[in-house]
Amino acid sequence: MSRVILWAAGAVLAVAVPFYLEGFWLQAGLFAMAACVGAIGINLLTGATGQLSLGHAFFLAIGAYAYVYFAAEPEGDLGGLGLPTPLAALLALVAAGLAGGAFSPIAGRLRGAYLGIATLALIYLGQHLLFNAEPLTGGYNGRAVPPMELFGFVFADTPELVIFNVPFGALERLWFLGLAVVLVAAWFARGVLRGRPGRAMNTIRDHEIAAAVIGVPVGRYRAGVFVLSSMYAGAAGVLLALVFQQTVPEYFGILLSLDYLAMIVIGGLGSVAGAVIGAIFVSLLPQLLTRYSEALPLVAEPGSGGVSPAEAARILYGAAVVAVVLFLPGGLLGLAARIRATVTRRVPPPSLTPSPDSPRS
Amino acid sequence: MITFLELLVNGISVGAVYALIALGFVVIFKATEVVNFAHASLLLAGGFVVAKLHPSIGFWAALAAGIGGAALVGALIEFLIIRRANVAGHSVLAIVTIGVDILLVTELTRQIGTDVLALGDPWGDRVLHLGPISIAETRVVALAVAALLITAFLLAFKYTGWGVAMRATAEDAETAALMGIRLGRVSLGAWAVAGALAAVAALFLCVFPTPGLDRGTTFAAMKAFPAAILGGLDSTTGALVGGLIVGVTEAMMSGYQNELAFLGRGIGDVAPFLVMTVILLIRPAGLFGTRELSRV
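Keep in mind the model is a prediction, meaning the values are calculated, not measured.

Caption draft 1: Quick look at the overall build of chain A. Counting secondary structure elements, chain A contains 15 helices and 4 strands. In chain A, which comprises 361 residues, the proportion classed as buried is 52%. Within chain A, contacts between residues at least 6 apart in sequence are counted, and of these 72% link residues at least 24 apart. Split by element, the accessible area of chain A, about 16,500 Å² in all, is 68% carbon and sulfur.

Caption draft 2: Up close: the overall build of chain B. For chain B, the helix and strand inventory stands at 12 helices and 2 strands. Going from N to C terminus, chain B has its helices and strands arranged as α-α-α-α-β-β-α-α-α-α-α-α-α-α. Whereas a compact globule of 296 residues would reach a radius of gyration of roughly 19 Å, chain B reaches 19 Å, a difference of no more than 12%. Expressed along its principal axes, the backbone C-alpha trace of chain B runs to roughly 60 × 50 × 35 Å. Burial statistics for chain B: of 296 residues in total, 53% are counted as buried. Counting only contacts in chain B whose residues sit at least 6 apart along the sequence, the fraction spanning at least 24 positions is 75%. Once the 17 positive and 18 negative side-chain charges of chain B are each reduced to a mean point, those two points are 6 Å apart.

Caption draft 3: Local environment of the UniProt feature "transmembrane region" (unreviewed entry) in chain B. Residue and element names in this part refer to chain B. Here, the residues flagged by UniProt with the feature "transmembrane region" (unreviewed entry) are residues 7-28, 58-81, 87-105, 140-157, 188-208, 228-248 and 260-282. Its end C-alpha atoms 33 Å apart, residues 58-81 is made of 96% helix and 0% strand. Along residues 228-248, the helical share is 81% and the strand share 0%, with 15 Å between the first and last C-alpha atoms.

Caption draft 4: Fine view of the interface of chain B and chain A. Residue-level contacts link 44 residues of chain B with 43 residues of chain A. Contact between chain B and chain A buries roughly 3,800 Å² in total, counting both sides, with carbon and sulfur atoms accounting for 78%. Taken together, the links from chain B to chain A amount to 0 salt bridges. Put simply, chain B and chain A have 1 residue pair in polar contact (both at pLDDT 80 or more) between them. Of all elements in the fold, only α1 (2-32), α3 (59-82), α4 (90-112), α9 (217-222), α10 (224-231) and α12 (267-282) of chain B reach the threshold of two or more residues within the side of chain B that touches chain A. Looking at the side of chain B that touches chain A element by element, the count peaks at 13 residues for α4(B).

Caption draft 5: Looking closely at the pairing of strand β2 (residues 133-136) of chain B. All names here are of chain B. The pairing of strand β1 (residues 127-130) with β2 spans 4 bridges and is classified as antiparallel. Note that in β2 the partner of Leu130 across the bridge is Ile133. Connecting the antiparallel pair β1 and β2 is a turn made up of 2 residues, with Gly131 showing a positive phi of about 60 degrees.

Caption draft 6: Up close: the UniProt feature "transmembrane region" (unreviewed entry) in chain A. Mapped onto the present numbering, the UniProt feature "transmembrane region" (unreviewed entry) falls on residues 24-45, 52-72, 78-100, 112-130, 174-193, 223-244, 251-284 and 315-336 of chain A. End C-alpha to end C-alpha, residues 52-72 of chain A measures 34 Å, and it is 76% helix and 0% strand.

Caption draft 7: Expanded view of the pattern of salt bridges. Within the structure shown, the criterion is met by 7 salt bridges over all chains. Close ionic contact of Arg205(A) with Asp206(A) constitutes a salt bridge, the shortest N to O distance being 3.0 Å. With a closest N to O distance of 3.2 Å, Arg110(B) and Glu107(B) form a salt bridge. Here Glu107(B) and Arg110(B) lie together in helix α4, a separation of 3 residues that amounts to about one turn.

Caption draft 8: Representation of the packing of helix α2 (residues 23-48) of chain A against helix α11 (residues 218-244) of chain A in the model. Residue and element names in this part refer to chain A. Put simply, α2 and α11 touch, their axes get as near as 7 Å, and they point 170 degrees apart. Relative to α11, α2 is oriented roughly antiparallel. Where α2 abuts α11, its residues Gln27, Leu30, Phe31, Met33, Ala34, Val37, Gly38, Ile40, Gly41, Leu44 and Leu45 lie against Val225, Phe226, Leu228, Ser229, Tyr232, Ala235, Ala236, Leu239, Leu240, Val243 and Phe244. For the contact of α2 with α11, the per-class residue count stands at 18 nonpolar, 4 polar and no charged.

Caption draft 9: The environment of Ile277(A), seen in detail. Residues and elements named next belong to chain A. Among the structural elements, Ile277 can be located in helix α13 (residues 272-291). Residue Ile277 is classed as partly exposed on the basis of its relative accessible area of 29%. Here Ile277 is in contact with Leu332 and Leu333, once residues within four sequence places are set aside.

Caption draft 10: Quick look at the packing of helix α3 (residues 56-71) of chain A against helix α12 (residues 254-267) of chain A. Residues and elements named next belong to chain A. Close contact between α3 and α12 brings their axes to 7 Å; oriented N to C, the two are set at 110 degrees. On the basis of the axis angle, α3 is roughly perpendicular to α12. Across the interface between the two elements, His56, Ala57 and Leu60 from α3 touch Leu256, Ser257 and Tyr260 from α12. Grouping the constituent residues of the contact of α3 with α12 by class yields 4 nonpolar, 2 polar and no charged.

Caption draft 11: Representation of the environment of Ile229(B) in the model. Residue and element names in this part refer to chain B. Relative to the assigned elements, Ile229 resides in helix α10. A relative accessible area of 2% means that Ile229 is categorised as buried. Remark: the alpha-carbon pair of Ile229 and Gly289, spanning 60 residues in sequence, is separated by 8.6 Å.

Caption draft 12: Quick look at the side chain of Ser230(A). The residue Ser230(A) is located in helix α11 in this model. Apart from the residues within four sequence positions on either side, Ser230(A) is in contact with Phe59(A), Ala96(A) and Gly100(A).

Caption draft 13: Looking closely at α13(A). All names here are of chain A. Given a rise of 1.5 Å per residue, 20 residues ought to cover 28 Å, and the 29 Å separating the end C-alpha atoms of α13 matches this to within 8%. A maximum bend of about 35 degrees is found in α13 at Leu284, where proline Pro286 lies one to four positions downstream. Along α13, the residues classified as buried are Val272, Gly274, Ala275, Gly278, Ala279, Val282, Ser283, Leu285 and Leu289. In the core, the buried residues of α13 are packed alongside α2, α8 (170-194), α12, α14 (309-327) and α15 (331-344).

Caption draft 14: Examining empty space enclosed by the protein more closely. Tallied over the entire structure, the rule returns 3 cavities of 30 Å³ or more. The space that makes up the largest cavity amounts to roughly 60 Å³. Every residue lining the largest cavity is listed: Leu54(A), Leu120(A), Ile254(A), Leu258(A), Phe37(B), Ile98(B), Asp101(B), Met222(B) and Phe225(B). When residues of the lining of the largest cavity are traced back to their parent elements, those giving at least two are α12 of chain A together with α4 of chain B. Counted by class, the lining of the largest cavity contains 8 nonpolar, no polar and 1 charged residues. Put simply, the second largest cavity is a space of about 50 Å³.

Caption draft 15: Structural detail: α10(B). Taken across its 8 residues, α10(B) has 8 buried, putting it largely inside the fold. Looking at the buried residues of α10(B), the elements they touch are α6 (112-132) of chain A together with α1, α2 (39-57), α9, α11 (236-255) and α12 of chain B. Downstream of α10(B) by a residue or two, Gly232(B) has a phi angle that is positive, lying close to 110 degrees.

Conventions and cut-offs
- Residues numbered from 1 in each chain as written.
- Chains lettered and ligands numbered in written order.
- Predicted model: local features only at pLDDT ≥ 70, side-chain atom pairs only at ≥ 80, totals over all residues.
- Heavy atoms only, no water.
- Helix = DSSP H or I, 4+ residues; strand = E, 2+ residues; numbered from the N terminus.
- Buried < 20%, exposed > 50% of the residue type's maximum accessible area, 1.4 Å probe, protein only.
- Contact = heavy atoms within 4.5 Å.
- Areas by Shrake-Rupley, 256 points an atom, 1.4 Å probe, with all protein chains shown as cover.
- Rg over C-alpha atoms; globule rule 2.2 N^0.38 Å.
- Lys, Arg positive; Asp, Glu negative; His and termini not counted.
- Charge placed at Lys NZ, Arg CZ, Asp CG, Glu CD.
- UniProt positions renumbered as here; feature names shortened; annotations may be inferred.
- Buried area = accessible area lost by both parts, 1.4 Å probe.
- Salt bridge = Lys/Arg side-chain N within 4 Å of Asp/Glu carboxyl O.
- Polar contact = N/O pair within 3.5 Å; in protein donor to acceptor, adjacent residues only side chain to side chain.
- Pairing = 2+ DSSP bridges.
- Axes fitted to C-alpha atoms, helices over the stretch in contact; angles between N-to-C directions.
- Parallel < 35°, antiparallel > 145°, perpendicular 65-115°, else oblique.
- Nonpolar A, V, L, I, M, F, W, Y, C, P; charged D, E, K, R; others polar.
- Expected span 1.5 Å × (residues − 1).
- Bend = angle between axes of the 7 residues up to and from the residue.
- 1 Å grid on protein atoms, 1.4 Å probe; cavity = no way out; pocket = protein on both sides within 12 Å on 5 of 7 lines; lining within 4 Å.
- Points joined across faces, edges and corners; volume = space filled by probe spheres on them.

Dropping the structure here:
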C-alpha cells in the first residue's frame, strides 16, 4: 500500500514540477533524465554483465548526431534527410545499435576491464569523426537540432502555449517527453534484468565458465548487451540533443564516459533504480554547486582562480566513487536499503544483484 | 627517404617512452590484476612535481623528486584504496581507479590551469645531425634512457628476489602467499615502480619538440593504453612491442598526414587507437598475451 502512495506522490510531483520551477532547474532536470536513460543502459552492460565500457559517450554522440542528420533539411554544405522527427529518433536508436553491433566482434570476445581499454578507441575515433566528417556533423561548431514534432505537437518555444497561466516553452514540453522516455527505458530494462536474460547476464558477470556450462552463449550475450546498451545511449543522446538544441562535438569526450561510470557506481551497480539515483546525483551536483557557489565555502565563482563549481563537482564525485567502493558496497541504493532495514529492524539480503525473489517468467 | 628515416627514429623514440608507461601498466596488472585507469594521472603527478620544483632545486634533484613523488602516489593509491576495496569483481576495481583518476586529474589540471610548464631539462632544443638525418637531442636521450630502464627492469624481473616474487604472484597468488611471499609488499612495489616509470615517461613526453607540461599531457599518456593492450596486458614483451608499434604508427601518420588528408586532420592522434582496434579484431588477447584457457 505504502508503495502505491509513494508512486502516486512521485507521479504528482513529476507532473507538477514544470508548473513551478524555473527554466534553469527544468533544464537540469532534463539533463538528469537523459543521464538516467544512458546510465540504465551502461548499468545493463557494466553493472549486470560485468563488461566495462568507456565508449558510452560515443554512442550518445551517434544518437544525437544521427537524429539531427535524419531530421534536418539539407542546408548548404550540411547534409540531412528531412524525415519526420519521430522516425528520425527511431532511426537514431537503430544507428546507435548498428554502431554497437559493428563493434561486437570485439565486445563479444573481450572480458571486463579489457573491453574498457578497447572501448577507449571508440571515444577517440568518435571525436575524430565528429570534428572531420563535416557534411554530417557540422565539424567544430556542431549543428542545430530540429525540434521534435509528435502528431502535430511541436516541442519548441513556438507556437505559444499557456496552461494554467504557465507559459509552456520547449523545456516544459520536453519535460513530459523526457519523463515518458525514462519510464519506458526503466520499465524495459527492469524486464530484461528480471527475466531470463538478466539471470544469464548476472551469471556471466559472476562466473563466466559456469555460465557457459549451463548453456548461456557467453559471446553472443556480451555482444547483445553491448548493442542494447548502445541503443540506450542513443536514446539518451537524442534526448540530450533536443534539450541542448545544438550538438557540440567536444561534449561527447572521455569525461562524459567517465561520468556515466561514476553514476552507476555511486548509485548502485546492476539495477535500474541504482542507475537512476546515480544519474540524478552526478548530473545535478554540478548544477547545484554552480547555482549556490556564492553561499558555499571552498567553491569559487568560475574564472576567479579558486575551485570552480564544475571542478568541485568532479572532485566530489571522484571521491564519491572511491568512497562508495570502500565503504558502501551497493552504492546509494544499498545505503537506502540498509537504512530501511535498520528502521524496520529487518535484515535484508545483501543485494548486489537485483532482487532474487522476483517472479520468474 | 630522409623524412622516412627521421620519422622512423622519432617514432621509435616516442614508442620507447610509451613502452615505459605501458610497462608500468602491465606490471600493476600482473601483480594485482587491476587495470589501472589512473595511470595517466600518475604520469601527470610526476611531471607536475618536476615542473614545480626545478626552478628552486635544479633539474636533476627535481627529476628525482618527481620520480619519488609519482612512486609515492602510486604506493598510496595501492595502500589506501586498492588494498582496502573489498569487491568481488576486478572491473569494479578498475572503476575505482577511474574515480582516483578523476580526482587527481581534476586537481592537477586545475593547478596547471592554462599554463604550459617547462620542465627545465638540460637538452633544450638542440638538434643532432647524423649524416643527412637530423634528430632532436631529447629524442636520442629518451630512447637511450628508456632502453636502459627497460633492460634494467627486465633483468630485475628475472633475477632479483623482488622479480621472482612478482612473477610467482602473477602465476598463482595463493600458492605464492603460502610460500611466504608477502602479497601486500609485492603489489605495493608494483604500484611504486609503475609510478616511477610513469614519471620518467612524463619527462620525455614534455620536452622538446613538445612545448611542456599542460592539460593535454594526459591525452598523450592515454596512448599508452593501446600500447599495453595490443601487446597483451599480461606480457612485458608485449608492452615493449606495443609501445614501439604505437609510437612508429603515430609518427608516420602525423608525418605523412598531407598524403593522408582524406582521413581528416589530426589522424596521427587517432592512429594508435586504430591500430589497437585492428589487432584486437585479429587477436583478442593481444599480440603476446596468453590466451585464457580454463579447465572445467
